Amino acid sequence: MVKIICFDLDGTLLNSEKKVSDANKLAIKRAYDSGIEIVVCTGRQNKAARKFKELIGVGKYMICSNGSEIIEIDSGEELFSNCIEKEIVEVLYKHFRENPSIVNFKFDTKYARYVLKPDILIDDTIDFDETDTKFFDDNNILQIVVVFKDEQSCDNFAENIKKIYGVKVEYK
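The rules behind the values
- Residues numbered from 1 in each chain as written.
- Predicted model: local features only at pLDDT ≥ 70, side-chain atom pairs only at ≥ 80, totals over all residues.
- Heavy atoms only, no water.
- Helix = DSSP H or I, 4+ residues; strand = E, 2+ residues; numbered from the N terminus.
- Buried < 20%, exposed > 50% of the residue type's maximum accessible area, 1.4 Å probe, protein only.
- Salt bridge = Lys/Arg side-chain N within 4 Å of Asp/Glu carboxyl O.
- 1 Å grid on protein atoms, 1.4 Å probe; cavity = no way out; pocket = protein on both sides within 12 Å on 5 of 7 lines; lining within 4 Å.
- Points joined across faces, edges and corners; volume = space filled by probe spheres on them.
- Nonpolar A, V, L, I, M, F, W, Y, C, P; charged D, E, K, R; others polar.
- Axes fitted to C-alpha atoms, helices over the stretch in contact; angles between N-to-C directions.
- Parallel < 35°, antiparallel > 145°, perpendicular 65-115°, else oblique.
- Left-handed = near helix turned anticlockwise from the far one by under 90°.
- Contact = heavy atoms within 4.5 Å.

Brief notes about the environment of Asp33
Along the chain, Asp33 falls in helix α2 (residues 22-33). Taking the relative accessible area as the measure of exposure, Asp33 reaches 52% and is therefore exposed.

Structure follows, in structure tokens:
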């Protein structure tokens, strides 16, 4: 017996207009009414993802920031959070600023997405003030997304981080 259905938003449930089709809404509602728990899973941060409950109409839980946070949707209660250690974020940030092959990068917190160049990544973003060194003290970073100019640059970056710090960088 099916007890839970988890689904992604972008490229899965949402169509090209960022809407849920009537057929999908009906199927989700039927599943929910039959006692199946509905869970939205997304790379989006909590604040941006919560608005999609209205589109779906049902569901109690949401997995956000690619699994870094689990929340109860209606109350906003955080059930699980796995933030990136501040020291790791600071090291990566230094490398991002010094690496000419990086086109852009963003830091997700539970409340907002901070982006160095918001004109390149438009999606619930806030300008990241790179002069504000207190940023990393005041925010728990759930996810970091980096845009490289090409795949080879990404591979080189991952190799260097592993060589220098012994940290494996996972990417897709």
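Having seen the structure, we can now continue with the description.
Re the pattern of salt bridges
For the structure on display, the rule yields three salt bridges. For Lys18, the salt bridge identified is with Asp10, shortest N-O distance 3.1 Å. When its relative accessible area of 29% is taken as the criterion, Asp10 is described as partly exposed. Where Lys29 meets Asp33, a salt bridge forms, and the shortest distance between an N and an O atom there is 3.0 Å. Residue Lys29 and its partner Asp33 are located together in helix α2, separated by four residues, close to a single helical turn. By relative accessible area, Lys29 is classed as partly exposed at 41%. Counted as one network, the salt bridges with shared partners bring together Asp10, Lys18 and Arg44.

Thoughts on the layout of surface pockets
The volume enclosed by the largest pocket comes to roughly 1,100 Å³. Along the walls of the largest pocket sit 29 residues, with Gln143, Ile144, Val145, Glu170 and Tyr171 positioned nearest its centre. Put simply, the parts of the chain that give the lining of the largest pocket at least two residues each are α5 (86-98), β9 (143-148) and α7 (151-165). Element by element, the count of residues in the lining of the largest pocket is highest for β9, at five residues. Residue composition of the lining of the largest pocket, by class: 16 nonpolar, seven polar and six charged.

Notes on the packing of α5 against α7
Axis separation between α5 and α7 bottoms out at 12 Å; the angle between their running directions is 135°. Taken together, α5 and α7 sit at an angle that is classed as oblique. Crossing geometry of α5 relative to α7 is assigned as right-handed. Side by side, α5 and α7 meet where Val91, Leu92, His95 and Phe96 of the first sit next to Phe157, Ile161, Ile164 and Tyr165 of the second. When grouped by side-chain class, the residues that make up the contact of α5 with α7 number seven nonpolar, one polar and no charged.

Brief notes about unusual backbone geometry
Across residues other than glycine, the phi torsion is negative in most instances, and most of the peptide bonds are trans. Its identity is not glycine, yet Lys18 carries a phi of approximately 60°, on the positive side. Mapping Lys18 onto the fold places it in the loop between α1 (9-13) and α2. Residue Ser65 is not a glycine yet carries a positive backbone phi of 50°. Among the secondary structure elements, Ser65 is positioned in the loop between β3 (61-64) and β4 (69-72). Given the relative accessible area of 0%, Ser65 is considered buried.

What is shown is where atoms sit, not what they do.
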